[in-house]
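One letter stands for each residue in the lines below.
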Number of protein chains: 2
Amino acid sequence: MASMVFSECSTSTTSRFFPMSLRKDAVVLLRRLSLPRHSCASKVPLSFRAFTVGASTPTSPPPSVAIEACAKVIDGKYVAKQIRDEISSEVSRMKEAIRVVPGLAVILVGDRKDSATYVRNKKKACESVGINSLEVHLPEDSKEEDVLEFISGFNDDPSVHGILVQLPLPSHMNEQSILNAVTIEKDVDGFHPLNIGRLAMRGREPLFVPCTPKGCIELLHRYGIGIKGKRAVIIGRSNIVGMPAALLLQREDATISIVHSRTQNPEEITREADIIIAAVGQANMVRGTWIKPGAVIIDVGINPVEDSKSSRGYKLVGDVHYEEACKVASAITPVPGGVGPMTIAMLLSNTLTSAKRAHNFQ
Amino acid sequence: MASMVFSECSTSTTSRFFPMSLRKDAVVLLRRLSLPRHSCASKVPLSFRAFTVGASTPTSPPPSVAIEACAKVIDGKYVAKQIRDEISSEVSRMKEAIRVVPGLAVILVGDRKDSATYVRNKKKACESVGINSLEVHLPEDSKEEDVLEFISGFNDDPSVHGILVQLPLPSHMNEQSILNAVTIEKDVDGFHPLNIGRLAMRGREPLFVPCTPKGCIELLHRYGIGIKGKRAVIIGRSNIVGMPAALLLQREDATISIVHSRTQNPEEITREADIIIAAVGQANMVRGTWIKPGAVIIDVGINPVEDSKSSRGYKLVGDVHYEEACKVASAITPVPGGVGPMTIAMLLSNTLTSAKRAHNFQ
């Protein structure tokens, strides 16, 4: 039996949506942002530091400087909050102007606790910016047709602008055919092959960009980190992060290389990068020696590792060895608090974009 | 007014279609193939030479060896002929078994001489393997609707398995909307974003792969050149060659880097490659110094350059400086006679695949 929850919330902040602060020059001065607790930034006052992205070589600066140096922390939590505020403002403006509120439908099948948590977080995030969230919860033993029926209903429902099927689905269901049933106009996850194809092609525009890679690029933009002409290495080639991240970076004129499980010399290739996106799901895989001095690191991995000091018995770490990377990189996302918070923010952004497009609202 | 030509030819060779000779080991011994006239292979007897793909470094072999060395010529003309023979055999087998002949419809608009030549070549190639070719020739001042009407007719026609709109179209027509009108089941060019999306995604299969990049990979396969784990640099990121070639190489587990007009150090990156695909349209751009000793080069460029010795006043050269490359690479495609002949062979292959799929013929 399906349960449905419908909620509507709105806020009224006034800042405008996405005032991009992309600066194309290589030498940038970063604004001071709040620093996560595992930052080592105290060694050098951040507000007075300039750094060059991609201008260094593996031999410079000398080791003594590298040991002293400390990466700027790219604070995803802060940026995600900023974006949610902007979305909130846009949702209000839209509601006021044309009496339309963006709506996101989430379909959850079964009783996986982690999935239930993700869905709850998405619902809360929707509420926080005034987007309607509509949740369908189907039992584990539902038929594929039941899911397809709900998708079909949401496809036709003009109050729904985004449809998200929480993965993984129970094993008796065909994930691909269920995901393909979501109309491309409401594919806010951006995983439809037609969207991916348009993302890959020059001169074509995808309707939606997958949320996590979109969040990675947004962090670079917001921190004024130039992409054009930079050497970018993407570690991992998954459909949901690595591959679309590479396509996005190439769209912005980076020179991309994609490192994966069959790459023979990942360390050597990664060390060529001005920008590293690590999305491979292996705790601390990228060591300090893999990183060119001055590189910018976006760490998508969230890996639990044993930690006797923690009351939970574990802590979360990224794919990049944070402490080592901090000494070499010019900027880095922490885990948690880096890319993670950006994913849901981008889901909200995609839902807003969809609603604006459906109603031709600028 | 449209003119229509319908032809059917068949042959009866007996070899089977695509008996891939892909060898995954890095050290390969190449079979002796006929050598184009600009080969410098006479210096070292080819039939006794072994070479290692991707095992060399920029410092080995020493210059004295490199000067003596001479690349194996990858003979696209020969391979394309081999493939046409295989297709011809399969077309006969299909006709005999289920009385179905694959059909390719080509739409040509206007009077461009080069386009007319391309269409004529495609028609001849179809005839040579027994594929039906159906040609529509519309005048330059046709309306977009006229073209769309023919496409719609071919979409519905069960005797047509591939539809190809010859580009460029007259400027008053919207190329994108015309190409999008071709049903994905008959998109033998493989340019539909849905096909490109599936090509990019792991676990998805495109219905068709674009002909020229497919031809590049086929040459590597037929020459037993391993791709898995190799470093591949693709120069150029066009929708029709560079980008899909990169996606194809990645599907075969190469580690890809894409060099383009905004790349700051193309020479340095290209020199890291075990396999180079050059598709940028600049005569002789890739010099000998760009090439790692032992690399394999697939040159997609076909550029006319002045040549007073030629009766035509020009000759065709690739994107790679052939004479210089021959001294460094282990294998290289000539221009002409390399990738060029493969494109039409792959178009025939896609048309056959489409017909087989439509009739569930194995």
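Residues numbered from 1 in each chain as written. Chains lettered and ligands numbered in written order. Predicted model: local features only at pLDDT ≥ 70, side-chain atom pairs only at ≥ 80, totals over all residues. Heavy atoms only, no water.

## Looking at the overall build of chain A
Filter applied, for reference: Numbering goes from the N terminus for both helices and strands, where a helix is a DSSP run of H or I of at least four residues and a strand is a run of E of at least two. With a 1.4 Å probe rolled over the protein chains alone, any residue whose accessible area is under 20% of its type maximum counts as buried; one over 50% counts as exposed, and the rest are partly exposed. Per-residue and other accessible areas were derived by the Shrake-Rupley procedure at a 1.4 Å probe size, with only the shown protein chains allowed to occlude residues.
Each helix and strand counted, chain A has 11 helices and 14 strands in total. A total of 362 residues make up chain A; the buried ones form 56% of that total. Looking at chain A as shown, the accessible area adds up to about 15,400 Å², and 53% of this sits on carbon and sulfur atoms.

## Details of the packing of helix 3 (residues 113-129) of chain B against helix 11 (residues 340-358) of chain B
Residue and element names in this part refer to chain B. As a reminder of what qualifies: Note on definitions: angles span 0 to 180 degrees between N-to-C directions of axes, and those axes are lines fitted to C-alpha atoms, for helices only across the stretch in contact. Roughly parallel means an angle under 35 degrees; roughly antiparallel means over 145; roughly perpendicular covers 65 to 115; every other angle is labelled oblique. By definition, any crossing whose near helix is turned counterclockwise from its far helix by less than a right angle is left-handed, and any crossing with a clockwise turn is right-handed. Contacts are assigned to residue pairs with any non-hydrogen atoms lying within 4.5 Å of each other.
Contact pair helix 3 / helix 11: the axes reach a minimum separation of 10 Å and the direction vectors enclose 55 degrees. As judged from the angle between their axes, helix 3 and helix 11 are oblique. In this structure, helix 3 meets helix 11 at a crossing whose hand is right-handed. In this structure, helix 3 uses Asn121, Lys122, Ala125, Cys126 and Val129 to contact helix 11, whose residues at the interface are Ile344, Leu347 and Leu348.

## Here we look at the nonpolar core
Basically, it comes down to this: Note on terminology: a nonpolar core comprises buried Ala, Val, Leu, Ile, Met, Phe, Trp, Tyr and Cys residues joined through side-chain atoms within 4.5 Å. Domain borders in the structure are assigned automatically or taken from a domain database.
Counting 126 residues, the largest nonpolar core has Leu249 and Ile256 of chain A together with Leu220, Leu249, Ile256 and Ile277 of chain B as its most contacted members. Domain assignment of the residues forming this core places at least three in each of domain 1 (43-76 + 209-342) and domain 2 (99-198) of chain B. In this structure Ile256 of chain B touches Ile256, Ser257 and Ile258 of chain A together with Ala232, Ile234, Ala246, Leu249 and Gln250 of chain B, once residues within four positions along its chain are discounted. Counting 22 residues, the second-largest nonpolar core is a separate cluster that includes Ile276, Met285, Val286 and Ile291 of chain B.

## Notes on the packing of aromatic side chains
Two measures describe an aromatic ring pair: the distance that separates the ring centres and the angle between the ring planes. All names here are of chain A. Counted only if it meets this: By convention, a stacked pair of Phe, Tyr or Trp rings (six-membered ring in the case of Trp) has centres within 6.5 Å and planes under 30 degrees apart, an edge-to-face pair has planes over 60 apart, and any other such pair is tilted. By definition here, charges over rings are those cases where NZ of Lys or CZ of Arg is within 6 Å of the ring centre and within 35 degrees of the ring normal.
Within this structure, the stated rule accounts for two aromatic pairs over all chains. Judged by centre distance (6.4 Å) and plane angle (40 degrees), the rings of Phe150 and Phe154 are tilted. In this pair, Phe150 and Phe154 are both assigned in helix 4 (residues 144-156), four residues apart and thus about one turn of the helix distant. Given a relative accessible area of 24%, Phe150 falls into the partly exposed group. Note that Arg312 overlies the ring of Tyr314, its terminal NZ or CZ placed 4.7 Å from the centroid.

## Points about the pattern of salt bridges
Put simply, the rule is: The salt bridge definition used is simple: a Lys or Arg side-chain nitrogen within 4 Å of an Asp or Glu carboxyl oxygen.
Inspection of the entire model under this criterion finds 30 salt bridges over all chains. Close ionic contact of Glu205 of chain B with Arg251 of chain B constitutes a salt bridge, the shortest N to O distance being 3.2 Å. You can see Glu205 of chain B sitting in the loop between helix 6 (193-200) and helix 7 (211-222) and its partner Arg251 of chain B sitting in helix 8 (residues 242-251), a full 46 residues away along the chain. A cluster of three or more residues bridged by salt bridges with shared partners is formed by Arg231 and Glu272 of chain A together with Arg231 and Glu272 of chain B.

## Focus: the interface of chain A and chain B
How we decide: Values labelled buried area give the accessible surface lost by two parts on being combined, using a 1.4 Å probe and summing over both. Polar contact is the term for a pair of N or O atoms within 3.5 Å; when the atoms are in protein, one must be able to donate a hydrogen and the other to accept it, and sequence-neighboring residues count only if both atoms are side-chain atoms.
With 33 residues of chain A in contact, the opposing surface of chain B contributes 33 residues. Summed over both sides, the interface of chain A with chain B buries roughly 3,300 Å², with 50% coming from carbon and sulfur. Applying the counting criterion to the chain A and chain B interface returns six salt bridges. Glu272 of chain B serves as the salt-bridge partner of Arg231 of chain A, at 3.5 Å between the closest nitrogen and oxygen. Applying the counting rule to chain A against chain B returns 17 residue pairs in polar contact (both at pLDDT 80 or more).

## Thoughts on the confidence of the model for chain A
This is how the line gets drawn: Values of pLDDT, which run from 0 to 100, indicate the predictor's confidence residue by residue.
Overall, the prediction assigns chain A a mean pLDDT of 85, with 81% of residues at 70 or greater. Here residues 1-39 of chain A scores under 50 on pLDDT; set against residues more than four positions off or in separate chains, the count is 110 contacts.

## Examining the packing of helix 6 (residues 193-200) of chain A against helix 6 of chain B
Going by this rule: Three classes are used: nonpolar for Ala, Val, Leu, Ile, Met, Phe, Trp, Tyr, Cys and Pro, charged for Asp, Glu, Lys and Arg, and polar for all others, with Gly counted as polar.
Relative to each other, helix 6 of chain A and helix 6 of chain B sit at 90 degrees, their axes nearing to 7 Å. Classified by the angle their axes make, helix 6 of chain A and helix 6 of chain B are roughly perpendicular. Here Pro193, Leu194, Ile196, Gly197, Arg198 and Ala200 of chain A of helix 6 of chain A lie close against helix 6 of chain B, whose contacting residues are Pro193, Leu194, Ile196, Gly197, Arg198 and Ala200 of chain B. Tallied by class, the residues present in the contact of helix 6 of chain A with helix 6 of chain B amount to eight nonpolar, two polar and two charged.

## Here we look at the relation of the copies chain A and chain B
Our working rule: Alignment of the copies relies on least squares applied to C-alpha atoms, considering only residues that score at least 70 for pLDDT in both.
Mapping chain A onto chain B is achieved by rotating through 180 degrees and translating by 0.0 Å along the same axis, at an RMSD of 0.0 Å. Taken together, the rotation and translation relating the two chain copies correspond to the operation of a two-fold axis. Rotation axis and chain A: the residue whose C-alpha lies nearest the axis is Gly197 of chain A, separated from it by 1.8 Å. Interface overlap between copies: 100% of the residues of chain A at the interface are likewise at the interface in chain B, consistent with a symmetric, same-surface contact.

## Here's the deal with helix 3 of chain B
Residue and element names in this part refer to chain B. The condition is simple: Take the residue count of a helix, subtract one, and multiply by 1.5 Å to get its expected span. Comment: arc refers to directions from the helix axis out to C-beta atoms.
Taking 1.5 Å as the rise per residue, helix 3 with 17 residues should run 24 Å; its terminal C-alpha atoms sit 25 Å apart, in good agreement. Within helix 3, the full set of buried residues consists of Ser115, Val119, Lys122, Ala125, Cys126 and Val129. Along the axis of helix 3, the buried residues cluster in a sector spanning 120 degrees; they form a single face. The outward face of helix 3, more than 90 degrees from its buried face, is lined by the exposed residues Lys113 and Lys124. Looking one or two residues beyond helix 3, the residue adopting positive phi is Gly130, at roughly 90 degrees.

## Examining the environment of Leu347 of chain A
All names here are of chain A. Structurally, Leu347 can be placed in helix 11 (residues 340-358). For Leu347 and Lys214, which are 133 residues apart along the polypeptide, the C-alpha to C-alpha distance reads 9.5 Å. Contact partners of Leu347, with chain neighbours within four places excluded, come to Leu104, Lys122, Leu164, Val188 and Cys211.

## Digging into the side chain of Ser142 of chain B
Following the sequence through the fold, Ser142 of chain B ends up in the loop between strand 6 (132-138) and helix 4 (144-156). Contacts of Ser142 of chain B, omitting those with residues within four sequence positions, involve Val109, His172 and Met173 of chain B.

## What to know about helix 8 of chain B
Residues and elements named next belong to chain B. Among the 10 residues in helix 8, nine count as buried, and that is most of the element. Among the residues making up helix 8, those that are buried are Gly242, Met243, Pro244, Ala245, Ala246, Leu247, Leu248, Leu249 and Gln250. Among the residues trailing helix 8, Asp253 stands out with phi positive, at a value near 70 degrees.

## Details of unusual backbone geometry
The omega torsion of the bond from Val335 of chain A to Pro336 of chain A falls at -5 degrees, within 30 degrees of zero and hence cis. Note on placement: Pro336 of chain A falls in the loop between strand 14 (331-332) and helix 11. Here Asp253 of chain B, not a glycine, exhibits a phi torsion of approximately 70 degrees, which is positive. Relative to the helices and strands, Asp253 of chain B is located in the loop between helix 8 and strand 9 (255-259). Since its relative accessible area comes to 15%, Asp253 of chain B is described here as buried. Positive phi values are uncommon outside glycine, yet Asn284 of chain B reaches one of about 55 degrees.

## Remarks on the environment of Leu179 of chain B
Residue and element names in this part refer to chain B. Relative to the assigned elements, Leu179 resides in helix 5 (residues 175-181). Given the relative accessible area of 21%, Leu179 is considered partly exposed. Each C-alpha atom, one on Leu179 and one on Phe191, is 8.3 Å from the other, the two residues being 12 residues apart in sequence. Apart from residues lying up to four places away in sequence, Leu179 is in contact with Val165 and Leu167.

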